[in-house]
Amino acid sequence: MSSHLEKQVAAFKSEAMSVAPKISAKRSLAPPTAENAPSPAPSNASNPSKNESKDSKRKREPQNVVYSQPAATGYGTEAFTQVTYVIEFLKKKDEPKTFREILEYLSQVNAEDRTKSLIAKILRQHERVRWVPDPELKSQTWDSGTFMHRPIINVRSKGDLIAYLQNKADAQGVSVKDLKDGWPDCEEAIDELEDEHKILVTRTKKDNHARMVWSNDPSLFHQVDYEFQDMWRKTELPSVDELVRKLQEAGQKPASEDPSKRIKAAPKAKEKKRKAPRKGGKTTNTHMQHLLKDFSHLKR
């Protein structure tokens with residue numbers, strides 16, 4: 001009995017050993033399930049932080065950007081720009097400056113000689129700059145002499161302004177903006193001269209700043225009694241409609257009347273002139289009647 005059981009156990013073991021490799025092969029060919037599926041590999045889509053880091057790196061990379069204005073505009077254009085700064089510098093300092101001091105202000109001391117000589121040439125020919133040659137040199141060099149600001153109107157005091165206005169050949173006013181080019185703080189003096197009735201001033205409506213000035217004669221100013229001024233201001237004027245009506249009643253045309261609304265009389269029809277019949281005049285040349293022929297019988 002025991003020998004029979006031992007034979008059955010040995011047969012089961014041998015059968016199990018032969019079937020085991022077939023089962024493992026089937027498991028490897030079977031589709032993955034939730035239990036035996038391998039863990040998925042990390043992807044870029046599942047990790048947005050890595051994508052953002054890559055995009056930021058791409059943005060940090062230098063790119064070839066094309067601008068409408070080129071970076072290098074040439075030393076000629078740059079020199080004209082420097083001259084604009086020099087004029088403002090001379091205007092603020094209001095004293096002669098050497099070309100060396102101008103180069104130090106522009107930080108162009110170590111610039112190329114052609115750039116520095118070009119700036120000096122433009123300054124000498126500029127209408128807003130006055131160049132004073134160096135009296136100690138017989139022949140001037142390109143960087144010699146001193147430079148000063150030349151204002152549009154060389155007026156710097158109340159007396160200069162009165163003299164300038166009186167010497168004008170025309171009656172055109174003087175712009176306060178042009179006065180400030182050489183006399184920045186001129187508004188206080190203008191107010192004082194206006195109070196003294198020596199100049200006439202027009203002002204802006206918004207800020208009441210002086211805009212234009214003219215010469216004035218203070219002897220033509222006469223003080224009016226305050227009582228009369230008060231009476232003048234208290235006098236009531238009729239309304240516009242009433243004023244127009246009174247003028248029309250007096251047979252006058254108001255200046256405020258619109259010409260397009262006037263009633264125009266119909267034009268008269270032109271009569272055609274009839275040609276008057278020709279009348280026979282006196283016979284002339286009677287001394288030649290014996291030479292002329294009579295054609296009166298041929299009249300119809």
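Residues numbered from 1 in each chain as written. Predicted model: local features only at pLDDT ≥ 70, side-chain atom pairs only at ≥ 80, totals over all residues. Heavy atoms only, no water.

J.: Which parts of the structure should I look at to understand the packing of helix H6 (residues 158-166) against helix H8 (residues 187-195)?
T.: Each pair of packed helices can be summarised by the angle the axes make with each other and by the distance between the axes. With their axes 10 Å apart at the nearest point, H6 and H8 run at an angle of 65 degrees to one another. Where H6 crosses over H8, the two elements pack in a sense that is right-handed. Touching Lys-158, Leu-161 and Ile-162 of H6 are Ala-189, Ile-190, Glu-192 and Leu-193, all from H8. In the contact of H6 with H8, the residues fall into five nonpolar, no polar and two charged. (Axes fitted to C-alpha atoms, helices over the stretch in contact; angles between N-to-C directions. Helix = DSSP H or I, 4+ residues; strand = E, 2+ residues; numbered from the N terminus. Left-handed = near helix turned anticlockwise from the far one by under 90°. Contact = heavy atoms within 4.5 Å. Nonpolar A, V, L, I, M, F, W, Y, C, P; charged D, E, K, R; others polar.)

J.: Any chance you could explain the sheet that holds strand S4 (residues 174-175) here in plain terms?
T.: Strand pairing in a sheet relies on backbone hydrogen bonds. The paired strands run either parallel or antiparallel. Strand order across the open sheet formed by three strands is S4-S6-S5, with antiparallel pairing between neighbours. At either end of the open sheet lies a strand with only one pairing partner, and these are S4 and strand S5 (199-203). Looking at chain direction, S5 and strand S6 (residues 210-215) are connected through five bridges and run antiparallel. Residue pairing for S6: Leu-200 is matched across the bridge by Trp-214. Packing against the sheet, H6 makes contact with S4, S5 and S6, and its axis sits at approximately 65 degrees to S6. Running at roughly 120 degrees to S5, H8 makes contact with S5 and S6 of the sheet. (Pairing = 2+ DSSP bridges.)

J.: Please explain the sheet that holds strand S3 (residues 146-149) as it appears in this structure.
T.: Judged by pairing direction, the sheet is antiparallel, and its three strands sit side by side in the order S1-S3-S2 without closing on themselves. Looking at the sheet topology across the chains shown, the edges are occupied by strand S1 (97-98) and strand S2 (129-132). Sheet analysis places S2 next to S3, joined by four bridges and oriented antiparallel. For Trp-131, the partnering residue across the bridge sits in S3 and is Phe-147.

J.: In this structure, what is going on with the pattern of salt bridges? I would like to understand it.
T.: Any two side chains of opposite charge can pair, given that their charged atoms come close. Following the criterion strictly, the structure yields 16 salt bridges and no others. Here Glu-95 ties to Lys-97 by a salt bridge, and the two come within 3.0 Å at their closest N and O atoms. On the basis of relative accessibility, which here comes to 38%, the residue Glu-95 falls in the partly exposed class. For Arg-100, the salt bridge is made with Glu-104, and the minimal N-O distance between the two is 3.3 Å. (Salt bridge = Lys/Arg side-chain N within 4 Å of Asp/Glu carboxyl O. Buried < 20%, exposed > 50% of the residue type's maximum accessible area, 1.4 Å probe, protein only.)

J.: Explain the packing of aromatic side chains here, please?
T.: The description of an aromatic ring pair uses the distance of the two centres, along with the angle that the planes make with each other. Summed over all chains, the structure comprises three aromatic pairs. Aromatic side chains Phe-89 and Tyr-105 sit 4.2 Å apart centroid to centroid with 15 degrees between the ring planes, which places their arrangement in the stacked category. With a gap of 16 residues between them, Phe-89 in helix H3 (residues 75-93) and Tyr-105 in helix H4 (residues 99-106) connect regions that are remote in the sequence. Its relative accessible area of 41% is what places Tyr-105 among the partly exposed residues. Between Phe-99 and Phe-147, the ring centres sit 6.2 Å apart and the planes meet at 50 degrees, which makes this aromatic pair tilted. Here Phe-147 lies in strand S3 and Phe-99 lies in helix H4, a separation of 48 residues in the sequence. An identical accessibility class is assigned to Phe-99 and Phe-147; each is buried. Aromatic ring contacts, followed pair by pair, group Phe-99, Trp-142 and Phe-147 into a single cluster. (Phe/Tyr/Trp six-rings, centres within 6.5 Å; stacked < 30°, edge-to-face > 60°.)

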